[in-house]
Amino acid sequence: MLTVRALKRLHIFASFDLHDGECVALQGPSGVGKTLLLRSIADLDPNEGTVELDGTPREAMPAPDWRRRVTYLAAEPGWWSDTVQEHFTGWDDALPLVTRLGLPPNCGSWPIQRLSSGERQRLGLVRALILRSRVLLLDEPTSALDSTSAAAVESLIAEQVLNGTSVVWSTHDNAQARRVGSRVFLMNGDGEIEDNRP
Amino acid sequence: MTYIHLAYGDLVLPALLVVMDGALSLVLRLKLEKQLAIATVRMVLQLVLVGYALTFLFAAVSPLWTALAAFIMVLFASREIVARQKRRLPGIWSYGLGAGCTLLAAGTVTMFALLTELRPDPWYHPRYALPLLGMILGNTMTGISLGLDVLTNSIVRERAAIEACLALGGTRYQALLPVVRDAMRSGLMPTINAMAAVGLVSLPGMMTGQILAGVEPIDAVKYQLLIMFLIAGGTGLGTLVAVIGAARLVTDHRHRLRLDRIIAETSP
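Because the structure is predicted, anything quoted here is derived from the model rather than measured. (Residues numbered from 1 in each chain as written. Chains lettered and ligands numbered in written order. Predicted model: local features only at pLDDT ≥ 70, side-chain atom pairs only at ≥ 80, totals over all residues.)

So, the overall build of chain A
Part 1 of the argument: Helix and strand content of chain A: six helices and 10 strands.
Part 2 of the argument: Here the C-alpha radius of gyration of chain A, 16 Å, is about what a compact globule of 198 residues would show, namely 16 Å.
Part 3 of the argument: Seen through its principal axes, chain A has C-alpha atoms that stretch 45 × 40 × 30 Å.
Part 4 of the argument: Relative to its full complement of 198 residues, chain A shows a buried share of 40%.
Part 5 of the argument: Contacts in chain A between residues at least 24 apart in sequence constitute 73% of all its contacts with a sequence separation of at least 6. (Helix = DSSP H or I, 4+ residues; strand = E, 2+ residues; numbered from the N terminus. Rg over C-alpha atoms; globule rule 2.2 N^0.38 Å. Buried ≥ 20, exposed ≤ 12 C-beta atoms within 10 Å, placed from the backbone. Contact = placed C-beta atoms within 7 Å.)

Considerations on the domain arrangement of chain B
Residue and element names in this part refer to chain B.
Part 1 of the argument: For chain B, the assigned domains read domain 1 (1–60) and domain 2 (61–264).
Part 2 of the argument: In this structure, domain 1 and domain 2 have C-alpha centres spaced 29 Å apart.
Part 3 of the argument: Per-class residue counts for the side of domain 1 that touches domain 2 are seven nonpolar, one polar and no charged. (Domains from an automatic or database assignment. Nonpolar A, V, L, I, M, F, W, Y, C, P; charged D, E, K, R; others polar.)

Structural notes on the pairing of strand β3 (residues 23–27) of chain A
Residues and elements named next belong to chain A.
Part 1 of the argument: Among the five residues that make up β3, five are buried, leaving the element largely enclosed by the rest of the structure.
Part 2 of the argument: Neither face of β3 is left uncovered, since the one carrying C23, A25 and Q27 and the one carrying V24 and L26 both have all their residues buried.
Part 3 of the argument: For β3 and strand β8 (residues 166–170), the ladder comprises four bridges, and the chain directions are parallel. Across the sheet, residue A25 finds its bridge partner in β8, namely W169.
Part 4 of the argument: With four bridges connecting them, β3 and strand β9 (residues 183–187) associate as parallel partners. The residue bridging Q27 from the neighbouring strand is L186, located in β9. (Pairing = 2+ DSSP bridges.)

Some words on the environment of A128 of chain A
Part 1 of the argument: For A128 of chain A, the position within the fold is in helix α4 (residues 117–129).
Part 2 of the argument: Measuring from C-alpha to C-alpha, the distance between A128 of chain A and W91 of chain A comes to 12 Å, with 37 residues separating the pair along the chain.
Part 3 of the argument: Discounting chain neighbours no more than four positions away, the residues touching A128 of chain A are T71, L73 and L136 of chain A together with L168 of chain B.

Notes on the sheet that holds strand β5 (residues 56–57) of chain A
All names here are of chain A.
Part 1 of the argument: Reading across the sheet, the four strands line up as β2-β1-β4-β5 and stay open at both edges, with antiparallel pairing between neighbours. Single-partner strands in this sheet number two, and they are β2 (12–18) and β5.
Part 2 of the argument: Looking at chain direction, strand β1 (residues 2–9) and strand β4 (residues 48–53) are connected through five bridges and run antiparallel. If you follow T3 over to β4, its bridge partner there is E52.
Part 3 of the argument: Helix α1 (residues 34–41) contacts β1, β2 and β4 of the sheet and is inclined by roughly 120 degrees relative to β1. (Axes fitted to C-alpha atoms, helices over the stretch in contact; angles between N-to-C directions.)

Quick look at the pairing of strand β6 (residues 70–73) of chain A
Residue and element names in this part refer to chain A.
Part 1 of the argument: Neither face of β6 is exposed, since V70 and Y72 on one face and T71 and L73 on the opposite face are all buried.
Part 2 of the argument: Sheet topology note: the β6/strand β7 (residues 135–139) ladder contains four bridges and is parallel. In the strand pairing of β7, Y72 is matched with L137.

What to know about the packing of helix α4 (residues 92–118) of chain B against helix α9 (residues 217–249) of chain B
Residues and elements named next belong to chain B.
Part 1 of the argument: Close contact between α4 and α9 brings their axes to 9 Å; oriented N to C, the two are set at 150 degrees. Classified by the interaxial angle, the pair formed by α4 and α9 is roughly antiparallel. Judged by the twist between their axes, the crossing of α4 over α9 is right-handed. Residue-level inspection shows W93, L97, C101, T102, L104, A105, A106, T108, V109, A113 and E117 of α4 in contact with α9, the latter providing L226, L230, G233, G234, L237, G238, V241, A242, G245, A246 and L249.
Part 2 of the argument: Split into classes, the residues belonging to the contact of α4 with α9 amount to 15 nonpolar, six polar and one charged. (Parallel < 35°, antiparallel > 145°, perpendicular 65-115°, else oblique. Left-handed = near helix turned anticlockwise from the far one by under 90°.)

Examining the interface of chain A and chain B
Part 1 of the argument: On the chain B side, the residues contacting the 21 residues of chain A number 15 residues.
Part 2 of the argument: Contributions of two or more residues to the side of chain A that touches chain B are made by α2 (63–69), β6 and α4 of chain A.
Part 3 of the argument: Examining the composition of the side of chain A that touches chain B, we find that five residues originate from one element, α2 of chain A, more than from any other.
Part 4 of the argument: Taken together, the residues of the side of chain A that touches chain B sort by class into 12 nonpolar, two polar and seven charged.

Okay, here's the thing in structure tokens:
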């Protein structure tokens, strides 16, 4: 279970619990601070407050270990090498997921420069999924995808959730929020979240 | 050794060439005459002052005065490093890092040369220590400022890539390795280019100076080779320490990228 208590970053102030195998949709107008909240949970920006995984505070482990357990995925994931497969420690492990998201198996040798934003988004998701993190913090993971690819992503994540992964899924799509989230967190202009159970 | 002695009067005629530049600027309206005048006066003043300062230092052969002169040289070098950055590290760090790394690299390499190969008596004799330090300092400074400039600019440009690596559980060293490599490459490039071109395209100032002073060309070449090796070592060492140091400064103990610690140049 992920426990967030009095997390404070700029105007953001949040407390909530996230159970194993639970997916929560995070909604709110653009610029309200959804990305800031997700980045803070992953400890990517300086912030205050208590964040624990199964009762272990994040300060108890090196930050890289924390982020392998509580993994943030940006809406536009970054790339540090020239070709796709250089970004994966085990490209063979990634292949089944890559093909499931509608990409050809030979895309490993593709140069990053040539990828469309939708291809980048799906490959970025696969790159994060193969870490088998306990918690996924997904920042608009289907914003650049058509409805078919978005559906493939939703079913893939749903499977992870069934296997016990916890997910916070930020989205502007109300229908998607209701589809994927068992709860919806609505972030308001004051940087606080309202917990809306369906 | 024999060399042709110059009196101040012998410089009047060559100085007319600068006056010619000024006349050109006026006639063609290049608007350079003011800059040209200031630069000329600065050059004359600075060099004459340095001439007298070195005369004093050579007469004194005091470890204290020599160290003070070296310290002032390092200060000017670090000021120059900061002035060449498009983006800066905040506060004392920008000066501290530049000064620390030039001092460490140029100082180490100069001492190395003085203690192992040249061995003047005493080892800190300013006639050897200061010219050596000056030449190594100038090149180390160029390497460090280029390396830091490329590092900070690449970090800002490659922010998404660095943060992707961090978010996936990479350490700050893993995440910054690609930009650190780029920065090191840029810092070492001028030295490598200089080594490749020396003798064919350019005759180094020190070597020509020694030849003009009557030293046999092949002896001057040996001195120049020594200097080039020292410069290569100093630049490599200085750029490495500066780039790694800056990479540490723009990240924190929780392996976060801290772009808030890089200040963009405000003046145009």
